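Reading the structure
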Amino acid sequence: MKRVLLVSLAALLGVSAARAESLRIASSADFPPWESVDAANEIVGFDRDIGNEVCKRIGADCSWTNQAFDGLLPGLQVGKYDLIMSGLSINDEREKQVDFSAPYADAPNNIVVAAGSPVAQAKDTKALEEGLAGKVIGAQTGSTHEAVIRAHFKDADVRLYDRAEQVADDIVAGRLDAGLMERSAWEGMMASRKDSGITIAGPLITSADYAEFGRGQAIALKKGKDDLKKRVDEAVNAMLADGTVAKLSEKWFKYDVSFKKK
């Protein structure tokens, strides 16, 4: 009997080892608290914690790479990475290129301007659009923020940046009239530039205001990876159901950004 048990245990361990896989996750680690690098140059943040928990639940060994945002999806498509986690919103254009997991978050956004700008007093999106018509507005290259500006801010001069903090720096320097970014990223950048005179303008902006923001943040996978997608979906949905995403939201944002079905 002992021999049978030992053989069975060995077989189970063998199956477990066979299922364990190595996955490469890429992220543009310049968007705190979603992702950034610490003093040891390690990627940290909300997405890192979410991704590590997903990997644990699907039994995968995951490594992380810091990649410029506009290189994330091309790198995934050519097989350089297996998963992309970088506050990435689901939208129609991206779905032509890659598959997405079930969404795990739904983040609000804001326009930021210099404190003396008249747009700082805008009360709604209409006032923002009118006040920034024809103005110079910054966003990160390839982001949904770029798509929103181009679609809704008439005659705006759109300036694109590789890294999110460059948008804040150019508002401070007077090279931009405004920038559009996810709310929590602005909060961190404004805290580190507290004497710089930049301020949030207008209300929180979500996909309810502009469809270009997409349908929540999710993990991107190369098309055709159906088995991996199924397991990742199951892990994400379980993490939403058991409160793991909400708990990690509170850790990194101090409020809940977990995805809630409409």
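These remarks concern the structure in this document. (Residues numbered from 1 in each chain as written. Predicted model: local features only at pLDDT ≥ 70, side-chain atom pairs only at ≥ 80, totals over all residues. Heavy atoms only, no water.)

**A look at the sheet that holds strand β8 (residues 136-140)**
Stated formally: Two strands pair if DSSP finds at least two bridges between them. By definition, any uninterrupted DSSP run of H or I lasting at least four residues is a helix, any uninterrupted run of E lasting at least two residues is a strand, and each is numbered from the N terminus. What counts as an axis is a line fitted to C-alpha atoms, over the stretch in contact for a helix, and the angles between N-to-C directions run from 0 to 180 degrees.
Read from one edge to the other, the open sheet built from 5 strands follows the order β9-β8-β10-β7-β11, with strand pairing classed as mixed. Where the open sheet ends on each side, the last strands, each with one partner, are β9 (157-161) and β11 (198-205). Averaged over all adjacent pairs, the angle separating strand axes in this sheet is 30°, with direction ignored.

**Thoughts on the sheet that holds strand β1 (residues 21-27)**
Heads up, the condition is: In what follows, residue pairs with any heavy atoms lying within 4.5 Å of each other are defined as contacts.
Across the sheet, 5 strands lie side by side as β4-β1-β5-β12-β6; this open sheet has mixed pairing. Pairing within the sheet leaves two strands with one partner each, and these edge strands are β4 (60-66) and β6 (99-100). In the sheet, strand β5 (residues 83-84) pairs with strand β12 (residues 220-221) via 2 bridges, with the strands oriented antiparallel. Among the inter-strand pairings, L83 is bridged to a residue of β12, identified as L221. The sheet strands contacting helix α2 (residues 46-58) are β1 and β4, and the helix crosses β4 at an angle near 155°.

**Some details on the state of the cysteines**
Rule in force here: Whenever a pair of cysteine sulfur atoms sits within 2.5 Å, that pair is classed as a disulfide. Each residue is assigned to one of three classes by its accessible area relative to the maximum for its type, calculated with a 1.4 Å probe on protein chains only: buried under 20%, partly exposed between the two thresholds, exposed over 50%.
The tally for this structure, following the rule as stated, stands at 1 disulfide. Here C55 connects covalently by a disulfide to C62, the sulfurs 1.9 Å from one another. Across the disulfide from C55 to C62, rotation about the S-S bond amounts to roughly -95°, and the bridge is consequently left-handed. With relative accessibility at 4%, the residue C55 sits in the buried group.

**A few points about the environment of L23**
Tracing the chain through its elements places L23 in strand β1. Distance in space between the C-alpha atoms of L23 and C55 is 8.4 Å, their sequence separation being 32 residues. Aside from chain neighbours lying at most four places away, what touches L23 is I58, A60, D61, C62, S63, D82, L83 and L228.

**Brief notes about the environment of Y255**
With respect to the helices and strands, Y255 occurs in the segment after α10 (244-252). Look past the residues within four positions of Y255 in its chain and what remains in contact with it is E182, R183, S184, E187, S249 and E250.

**Re the pattern of salt bridges**
To be explicit about the condition: Salt-bridge detection follows one rule: a side-chain nitrogen of Lys or Arg within 4 Å of a carboxyl oxygen of Asp or Glu.
Within this structure, the stated rule accounts for 18 salt bridges. A salt bridge links R24 to D82; the shortest N-O distance between them is 3.0 Å. Note that R24 is positioned in strand β1 and D82 in the loop between α3 (72-77) and β5, a separation of 58 residues in sequence. What makes R24 partly exposed here is its relative accessible area of 34%. Here R183 ties to E187 by a salt bridge, and the two come within 3.1 Å at their closest N and O atoms. Placement of both R183 and E187 in helix α8 (residues 183-192) is noted, with a separation of 4 residues, approximately one turn of the helix. Residue classification places R183 among the partly exposed residues on the basis of a relative accessible area of 24%. Linked through salt bridges whose partners overlap, the residues forming this network are E21, D227 and R231.

**Considering unusual backbone geometry**
Peptide bonds are trans in most cases, and residues, glycine excluded, mostly fall at negative phi. In this chain, P32 is followed by P33 through a cis amide linkage whose omega measures 5°. You can see P33 is positioned in the loop between β1 and β2 (36-37). With phi around 65°, N41 is a residue other than glycine that occupies positive phi space. Examined against the element boundaries, N41 turns out to sit in the loop between β2 and β3 (43-44). With a relative accessible area of 60%, N41 lands in the exposed category. Look at D155: it is not a glycine, yet its phi comes out positive at around 60°. Structurally, D155 is set in the loop between α6 (144-152) and β9.

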